[in-house]
Amino acid sequence: MLAPADIQDSPDLARMRRDRYARAQAQLAAHDLDGLLLVGESNVEYVTGARVLTADAGRAAMFRTVAYVARDDPFPHVFAAYPDGLPPELPADHIHPAVYPEFGARPVAEIIRGERAIGLDEYTAAMRRELHGSGLVDFVDATPIMVAARICKTVDELRCIRMAQHINEQAMLDVQAALRPGVRQTDLSGLFLRRIFELGATGNAVDPIWQVMPARMADGPWTIHGDVAFPTATTDAILRDGDVVWVDTGITFNGYASDFGRTWLVSAPPGPPRPTGVQRDQFARWRAVVEAVLDRVKPGSTGGDLTRAARSVLPADARTPWLGHFYLVHGVGADSAEMPLVGTDLGPAFDESIVLAPGMVLVLEPVIWDDGASGYRSEEIVAVTEGGWVPLSDHPYWPFGS
Amino acid sequence: MIGSSLGVAALEEASRVDFARLRSSRHSRCLAAMEEAGLDVLILGRPGNVHWVSGARSLWTAGVRAFGPGAVVVRSTGSIHLLSVWDEGVPASIGREGLYGLSWNPLTLASSVAAIPGVADAATVGGDAMSPLFASLLTAVAPRARLVDGAGPMWAARRTKSADEVACLRIACAITEAGLEAMVSALRPGVRERELVGVFDERIASLGVTTPALEGICCVVGADGQMRQVPGDRILAAGDVIVLSPGALYAGYEGGLGRTWIVGEDGRGGDGWSRGRGSGGGGSGGGGNTGLSDLYRRWRVAFDRLLGTCRPEETGANLVGAWTSTGERLPSIPLIHGVGVGVEPPVVGLARLGEDAVLEAGMVLAVQGLVSEPGMGAVFGKETVLVGGIGGDQAEVLTRFGWGPLASKS
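Remember, it's a predicted structure, so these values are computed and weren't measured experimentally.

Asker: Explain the overall build of chain B here, please?
Answerer: Along chain B, the regular secondary structure elements total 11 helices and 15 strands. Along the first, second and third principal axes, the C-alpha atoms of chain B reach 75 × 45 × 40 Å. In chain B, which comprises 410 residues, the proportion classed as buried is 58%. In chain B, 67% of the contacts between residues at least 6 apart in sequence involve partners at least 24 apart. With the model as given, the accessible surface of chain B reaches about 14,700 Å², and the carbon-plus-sulfur share is 51%. Taking the 36 positively charged and 41 negatively charged side chains of chain B as two groups, their mean positions are separated by 3 Å.

Structure representation (structure tokens):
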């Protein structure tokens, strides 16, 4: 039975790589495939453990690491964009020069020649031309296969997520201390990004969000669905006394993502910020939703159980306590948002089809919004265990109640 | 470029960059490329393409995410449609009418795309990337459409840069240089490689930019002379030879440069160099002053030859020949790659990669070179270069930063 203490230890990265690879192989057997050709960045990271330079989408798409997992092969084949990022146990005959999917993938086609049925997660036009020439016409979509492999995390993966979250949280202590009228959103980003690397982050995953929330939706950006706009991109906007700031950041640690969310208040010296009665009540309702949801987090519960629990602590006519374009709960792992997704526009039937199992990692992000009085949003992360759940996040709600 | 144009704050009397003109120009070039390629519709998933076509300001995320239709362009109406829940960051030329919302249901997304006027009846639809799932859904909602390559036409459209684009690239270069200066100043024994990434991010954030092109190569050269690219936990020691190569995005445009520096006792590398650290000193690939300065001289000769060949109508094979004609072997990293709203083709390097690429005036390239010797060390350098920037023929180097300790002795 997983206890909180188990997650505090350092991850055994070599064991993690072996365990993940075994899961990929198990999926290959279950689907009776000859292999998996993986181009998707987080899928490649999952099966190989290869580290890459953190870069914007353009560079990452050009200089890609590609993986091919052959059934029953003890190691993956890796076409490495960054040879120095490869794990030490990879044998030399499984390490290949980089391919450029933007231009083609002939070396990959050579390796899969003659195979019967292969899973593929994404492709470029150039790849498609060359792989077609390898004799394979159709590929099985590898995405659901990889979701099945990745959705339940091993203890080492949980440790990586916990470490990523811890680094993120520790950095936020310094950033919140710097929050005051006159500071720019970009100043907070600069401080945050400097601190995460000092604390041991592998990379940053998303441009940090420090969004000033208006009192009324009408004073914020227009939205297609009439719900709150969040998160909008950071600029050099200047923060002011009384601003309600919704914070949302994500970093990576050894291939795993954090997801930090809090609501902060800006106050002029000498401070500290004092939430109003309405704001304290919003926080209390948010806490009630989180507690009701956590009460249902255990193996066998469905996504529908979670959404019903969230609504149960609020009046029947209350606004849905999460963002319309997002979710009540999402998974986190090698991606900052992954399965399971609960409360999305995939609808209630999809929510019912999600059954919680030990090892799933859930990010709870309810939102309380009172149009005219802004709102409260924070995030908590837990891992599902045999008996319930353990927390992966641990950060004060200050200046709101404990 | 006039001095006052090189900055990020707003000016009263004129824009530093006329973004409306820039967007309009890119829109026209996109439509022209679609016409040339016979595309009725373009479905774009790559963030660089979505940004280039729309000019919309969106959330930066690291790496490549799973495919989703970020933007759609319809040739017959000329309209651009964007996946966005809100209109924040969306240019008025697209407006609210041009938006379709985020959905977690791939069929809903495909249907949103098919509902755009001109899509369901399109004969030829270009995609710049694809997933097996989305391709099949698209066939279901737009059965008449033949799905073809849209990446090639987009690369062609983005290939040569307008004056407004070059202005953005210059600003991106200046911002990147500021970040590099911070990294160089932070070099001292005891610092970890990855902390230099944070130093870079902090400095560019102080200039109002938080979008890195890459979080930066900041890696000590080992005794084997190999250049690593992924920063790690290695702790810097005095005398270490370190490669620094970061990049920043300004309005989506990528500035980048690379230098090789020496870790001094107190930063800047100057003391470490002039104190004469002796052969094999410093625990890294610095086989004495003489060895490293020799490598730098060799690098300079080869790089200048390469730079001199960055001219209109030169081929990738010619660029490789220019480098190797100096006697240097071709490094494992590419000699050149295109830059614009991020990394672009061509990419020229080992194994005849990009040998048939042909340079054109108006292209902007990242030009990089690496000279390494086992037991001695390595020298890496990179500049951002405008082909035909001087007199229409010679390349103009857009980046500007000294070589510190390596240059002082050469």
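Asker: I would appreciate a short explanation of the overall build of chain A in the present structure.
Answerer: In terms of helices and strands, chain A carries 12 helices and 17 strands. Its C-alpha radius of gyration of 22 Å places chain A within 12% of the 21 Å reference for a compact globule of 402 residues. Along the first, second and third principal axes, the C-alpha set of chain A runs to 70 × 45 × 45 Å. Out of the 402 residues belonging to chain A, those deemed buried represent 61%. Within chain A, residue pairs in contact and separated by at least 24 positions form 67% of the contacts whose partners lie at least 6 positions apart. Entry remark: accessible area of chain A is about 14,500 Å², with carbon and sulfur atoms responsible for 54%. Across chain A, the mean location of the 35 positive side-chain charges is 2 Å away from that of the 53 negative side-chain charges.

Asker: Which parts of the structure should I look at to understand the environment of Leu244(B)?
Answerer: Residues and elements named next belong to chain B. Note on placement: Leu-244 falls in strand 8 (residues 241-250). The buried category is assigned to Leu-244, whose relative accessible area is 0%. It is 9.4 Å that separates the C-alpha atoms of Leu-244 and Gln-229, two residues lying 15 residues apart in sequence.

Asker: Quick question: what am I supposed to make of the pattern of salt bridges here?
Answerer: Think of it this way: side chains of opposite charge can pair up when their charged atoms draw near. Using the criterion set out here, one finds 54 salt bridges over all chains in the structure. When the shortest N-O distance is used, the salt bridge between Asp227(A) and Arg319(A) registers 2.7 Å. One end of the pair, Asp227(A), is in the loop between strand 7 (203-213) and strand 8 (244-253); the other, Arg319(A), is in the loop between helix 11 (303-312) and strand 11 (329-331), and 92 residues separate them in sequence. In this structure Asp227(A) comes out as buried when scored by relative accessible area, which is 12%. Its salt-bridge partner being Arg96(B), residue Asp87(B) comes within 3.0 Å of it at the nearest N-O pair. With a relative accessible area of 42%, Arg96(B) lands in the partly exposed category.

Asker: Please clarify how the nonpolar core should be interpreted in this entry.
Answerer: Across soluble globular proteins, nonpolar side chains show a tendency to be buried alongside one another. The biggest cluster of nonpolar side chains holds 112 residues, and the ones touching the most others in it are Phe192(A), Ile196(A), Trp210(A), Leu196(B), Ile242(B) and Leu244(B). Looking at this core element by element, the count peaks at 13 residues for helix 6 (residues 163-186) of chain B. Discounting residues that sit within four places of it in the chain, Trp210(A) has contacts with Met172(A), Val175(A), Gln185(A), Leu188(A), Ser189(A), Phe192(A), Thr234(A), Val245(A), Trp246(A), Val247(A), Thr249(A) and Trp264(A).

Asker: Honestly, the side chain of Glu314(B) in this entry has me stumped. Any pointers?
Answerer: All names here are of chain B. In this fold, Glu-314 is placed in the loop between helix 9 (288-308) and helix 10 (316-324). Here Asn-318 takes part through its side chain, which lies 2.8 Å from a polar atom of the side chain of Glu-314. For Glu-314, the contacting residues outside a window of four places in its chain are Thr-309, Ala-357, Val-358 and Leu-359.

Asker: What's the story with the environment of Pro117(B) in this structure? I'm lost.
Answerer: On the secondary structure map, Pro117(B) appears in the loop between helix 3 (106-114) and strand 5 (124-127). In this structure, the C-alpha to C-alpha distance between Pro117(B) and Val72(B), residues 45 residues apart in sequence, is 11 Å.

Asker: Could you clarify how one ought to interpret the state of the cysteines in this entry?
Answerer: Simply put, disulfide is the name for a covalent bond between the sulfur atoms of two cysteines. For the coordinates displayed, the defined rule picks out 0 disulfides over all chains. The thiol sulfur of Cys152(A) is not disulfide-bonded, and the nearest other cysteine sulfur, from Cys160(A), lies at 17 Å. Residue classification places Cys152(A) among the buried residues on the basis of a relative accessible area of 18%. Cys310(B) carries a free sulfur, and the closest cysteine sulfur to it, the one in Cys173(B), is 14 Å from it.

Asker: Help me understand the packing of aromatic side chains in this model?
Answerer: Working definition: an aromatic ring pair is given by the centre-to-centre distance plus the angle between the planes. Residues and elements named next belong to chain A. One pass over the full model with this rule turns up 21 aromatic pairs over all chains. When the centroid spacing of 6.2 Å and the interplanar angle of 15° are considered together, the rings of Phe-283 and Trp-286 count as stacked. Taken as a pair, Phe-283 and Trp-286 lie in helix 10 (residues 277-295) at a separation of 3 residues, close to a single helical turn. Overall, Trp-286 belongs to the buried group, its relative accessible area being 0%. Ring centres 5.6 Å apart and planes at 65° place the aromatic pair Trp-286 and Tyr-397 in the edge-to-face group.

Asker: Explain the pairing of strand 13 (residues 364-373) of chain B to me, please; I cannot follow it from the model alone.
Answerer: Consecutive side chains along a regular strand alternate between the two faces of the sheet. Residue and element names in this part refer to chain B. Of all the 10 residues making up strand 13, 9 are buried; the element is thus mostly covered by neighbouring parts of the structure. Across 3 bridges, the pairing between strand 11 (residues 336-340) and strand 13 is antiparallel. By the bridge assignment for strand 13, His-337 is matched with Ala-366.

Asker: Looking at this structure, I do not really get the interface of chain B and chain A. What am I missing?
Answerer: Contacts between the two partners involve 69 residues from chain B, matched on the other side by 63 residues from chain A. Of the roughly 5,700 Å² buried between chain B and chain A on both sides combined, carbon and sulfur atoms contribute 62%. In this assembly, chain B and chain A are joined by 3 salt bridges. When the shortest N-O distance is used, the salt bridge between Glu254(B) and Arg59(A) registers 2.8 Å. At the boundary of chain B and chain A, one finds 23 residue pairs in polar contact (both at pLDDT 80 or more). Mapped by element, the contributors of at least two residues to the side of chain B that touches chain A are strand 4 (99-100), helix 4 (132-141), helix 7 (193-206), strand 7 (212-220) and strand 12 (342-348) of chain B. Top element by residues in the side of chain B that touches chain A is helix 7 of chain B. It accounts for 9 residues. Classifying every residue of the side of chain B that touches chain A gives 34 nonpolar, 19 polar and 16 charged.

Asker: Teacher, can you tell me more about the sheet that holds strand 3 (residues 80-83) of chain B here?
Answerer: Adjacent strands of a sheet pair through backbone hydrogen bonds, lying either parallel or antiparallel. The sheet built from 6 strands is open, its strands ordered 4-3-2-1-5-6 (chain B) with mixed pairing. Since the sheet does not close on itself, it has two edges, and those belong to strand 4 and strand 6 (146-149) of chain B, each with one partner.

Asker: How should I be thinking about helix 5 (residues 151-158) of chain B in this particular structure?
Answerer: Each full turn of the α-helix corresponds to 3.6 residues, which orients residues three or four apart in the same direction. Of all the 8 residues making up helix 5 of chain B, 6 are buried; the element is thus mostly covered by neighbouring parts of the structure. All buried positions along helix 5 of chain B are accounted for by Ala151(B), Pro153(B), Met154(B), Trp155(B), Ala157(B) and Arg158(B).

Asker: Is there a simple way to think about unusual backbone geometry in this case?
Answerer: Residues other than glycine predominantly adopt negative phi, and peptide bonds predominantly adopt the trans conformation. Met339(A) connects to Pro340(A) through a cis peptide bond whose omega is 5°. On the secondary structure map, Pro340(A) appears in strand 12 (residues 338-342). In the segment running from Pro345(B) into Pro346(B), the intervening peptide bond is cis, with an omega of 0°. Position of Pro346(B) among the secondary structure elements: in strand 12. Despite not being glycine, Ser374(A) has its phi angle at roughly 55°, a positive value. Here Ser374(A) shows up in the loop between strand 14 (367-369) and strand 15 (375-377). Among the residues examined, Ser374(A) registers a relative accessible area of 5% and is labelled buried.

Cut-offs used in this document
Residues numbered from 1 in each chain as written. Chains lettered and ligands numbered in written order. Predicted model: local features only at pLDDT ≥ 70, side-chain atom pairs only at ≥ 80, totals over all residues. Heavy atoms only, no water. Helix = DSSP H or I, 4+ residues; strand = E, 2+ residues; numbered from the N terminus. Buried < 20%, exposed > 50% of the residue type's maximum accessible area, 1.4 Å probe, protein only. Contact = heavy atoms within 4.5 Å. Areas by Shrake-Rupley, 256 points an atom, 1.4 Å probe, with all protein chains shown as cover. Lys, Arg positive; Asp, Glu negative; His and termini not counted. Charge placed at Lys NZ, Arg CZ, Asp CG, Glu CD. Rg over C-alpha atoms; globule rule 2.2 N^0.38 Å. Salt bridge = Lys/Arg side-chain N within 4 Å of Asp/Glu carboxyl O. Core = buried A, V, L, I, M, F, W, Y, C linked by side-chain atoms within 4.5 Å. Polar contact = N/O pair within 3.5 Å; in protein donor to acceptor, adjacent residues only side chain to side chain. Disulfide = S-S within 2.5 Å. Phe/Tyr/Trp six-rings, centres within 6.5 Å; stacked < 30°, edge-to-face > 60°. Pairing = 2+ DSSP bridges. Buried area = accessible area lost by both parts, 1.4 Å probe. Nonpolar A, V, L, I, M, F, W, Y, C, P; charged D, E, K, R; others polar.

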